[in-house]
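Fold and geometry: a report
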Amino acid sequence: MAFTGKRILIGVSGGIAAYKAAELARRLVSGGARVKVVMTRAAQEFVTPLTFQALTGEKAATAMFGPGSEPLEHIALGQEVDAIVLAPATANLMGKMAAGIGDDLLTTILLASTKPILICPAMNCEMWANPAVQDNVVKLRDRGLEVLHPEAGELACGAIGYGRLPEVETILEALAQLLSPQDLAGRRILVTAGPTHEDLDPVRFLTNRSSGKQGYALAKVARRRGAEVCLISGPSHLPAPHGVERLEVRTAREMLDAVLARFPESEALLMAAAVGDYHPTSRSEHKMKRGSPELTVHLTQNPDILKEVAALKKKQVVVGFAAETRDLEAAARKKLEDKGLDLIVANQVNRPDSGFAVDTNEVTIIGRKNLLLPLPLLSKEEVAEKVLDQVAALLPPPR
Ligand code: PMT
């Protein structure tokens, strides 16, 4: 998990979105982080320190001086953590940061910290559009701080526009990126995910149990590590990962066309999609009627996308997945050779917690040069990290 063992400081300033910081704190704690919350005086008008203490197990820090404050907290707190996230960040807080003002515990911590800072603004839309606020945003970004764009929608004051705190999911992903090594920065990575649908008639199709989870996890983690990611997805209910370009396809032949179009500009291809091997030879124009007790459907083989694309490869790293129920290693090795791949991820799919549609996966990564890396049952994001470690090692130096 991106947050396991990480120490995160959440700075909460005084806006109505302060209540959403409680959910952020909860999610970080459940993701394995140790969370310390620092609140401005105005933030305490919207939500209490006790809320954060209950969620994080640590007393929220609220003041430089007075009962409960530690003498050197304003230096130590910002140094002890792995990253700082300001949610919500008000116009006032960003103005003080841009001007270098430290007049309370939070702003003083920010001046004394050298750790990565993620700013998540939330305010009225006119306030966000104000040139003074926009100037401050530019200044903060120029100093290397990450400032998210607020989301559009109905605001607490009734106005409609940009000013809502970004969704917790968006904040978590941006924070995960800030904490990740950027070893794939700028690398162009193509990922496929999900099943294909091969139509029998206008309402029926042949498909498989792939949910897209493993492919989406690869796309998400590659993006987190700095890559420019294009995700070619068969039908899936999953939302497009933040910052990833998603192309939606239905059939194996559509997936082939999309992969062929994007492969030449890519530096690596990871095919996690469960591509249908056959499609009905003819598609009925109208819904097929229930008739005789037996029905024969003729199928025609689909193209082998990986094999076709691997034959065109120049310097790209090409990775296949092999969903297997027996002879895992031998069957995967055969696909590695037959399809001309650099790596294959042999996927155990005959246990209930691994493979199709679940959140965990057990795989063995097999490569050409004596690479045999059996992995225990991991989350699909953890599997993605391990696969991308191998891809990063094989990529030629950036052009
Ligand atoms: O989506 P999830 O629910 O998270 O499930 C993940 C997964 C089990 C689907 C995934 O981890 C996985 O194993 N994907 C590959 C499934 C598969 O179709 O394996 P295969 O052994 O049939 O194919 C081998 C490789 O050839 C795959 O990379 C596949 O994308 C590719 N292929 C297959 C058929 C075809 N016509 N063209 C292809 O390119």
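Residues numbered from 1 in each chain as written. Predicted model: local features only at pLDDT ≥ 70, side-chain atom pairs only at ≥ 80, totals over all residues. Heavy atoms only, no water.

On to the packing of helix α1 (residues 20-30) against helix α3 (residues 49-56), then. The geometry of α1 relative to α3 is characterised by a closest axis approach of 9 Å and an angle of 15 degrees between their N-to-C directions. In this view, α1 runs roughly parallel relative to α3, as classed from their interaxial angle. In the packing of α1 onto α3, the handedness of the crossing is right-handed. Listed contacts from α3 to A21, A22, A25, R26 and V29 of α1 are T51, F52, L55 and T56. Split into classes, the residues belonging to the contact of α1 with α3 amount to 6 nonpolar, 2 polar and 1 charged. (Axes fitted to C-alpha atoms, helices over the stretch in contact; angles between N-to-C directions. Helix = DSSP H or I, 4+ residues; strand = E, 2+ residues; numbered from the N terminus. Parallel < 35°, antiparallel > 145°, perpendicular 65-115°, else oblique. Left-handed = near helix turned anticlockwise from the far one by under 90°. Contact = heavy atoms within 4.5 Å. Nonpolar A, V, L, I, M, F, W, Y, C, P; charged D, E, K, R; others polar.)

Taken as a whole and judged by the stated rule, the model has 30 salt bridges. For R253, the salt bridge identified is with E198, shortest N-O distance 4.0 Å. Of the two residues, R253 sits in helix α11 (residues 252-262) while E198 sits in strand β9 (residues 198-199), which places them 55 residues apart along the sequence. Residue classification places E198 among the buried positions, given a relative accessible area of 2%. For the salt bridge of D359 with K213, the shortest nitrogen-to-oxygen distance reads 2.8 Å. Here K213 lies in helix α10 (residues 213-224) and D359 lies in the loop between β17 (343-348) and β18 (360-361), a separation of 146 residues in the sequence. (Salt bridge = Lys/Arg side-chain N within 4 Å of Asp/Glu carboxyl O. Buried < 20%, exposed > 50% of the residue type's maximum accessible area, 1.4 Å probe, protein only.)

Turning our eyes to something else, we now look at the packing of helix α5 (residues 91-99) against helix α8 (residues 131-142). Two numbers describe how α5 lies on α8: the axes approach to 9 Å, and their chain directions differ by 50 degrees. As judged from the angle between their axes, α5 and α8 are oblique. Of the two possible hands of crossing, α5 and α8 adopt the one that is left-handed. Every residue of α8 that contacts α5 at A91, M94, G95, M97 and A98 is listed here: V133, N136, V137, K139 and L140. Residue composition of the contact of α5 with α8, grouped by class: 7 nonpolar, 2 polar and 1 charged.

Let us now look at the pairing of strand β1 (residues 7-12). With 6 of 6 residues buried, β1 lies mostly within the body of the structure. By the alternation rule, side chains of β1 split into R7, L9 and G11 and I8, I10 and V12, which are all buried. Of the strand pairs in this sheet, β1 and strand β2 (residues 34-39) are connected by 6 bridges, and their pairing is parallel. Following the sheet pairing, I8 is matched in β2 by V35. With respect to chirality, the unit in which β1 leads through α1 into the neighbouring parallel β2 is right-handed. Examined bridge by bridge, β1 and strand β3 (residues 83-89) share 4 bridges and lie parallel to one another. Across the sheet, the residue bridging to I8 is A83, located in β3. (Pairing = 2+ DSSP bridges. Right-handed = clockwise from strand over helix to strand, strands pointing away.)

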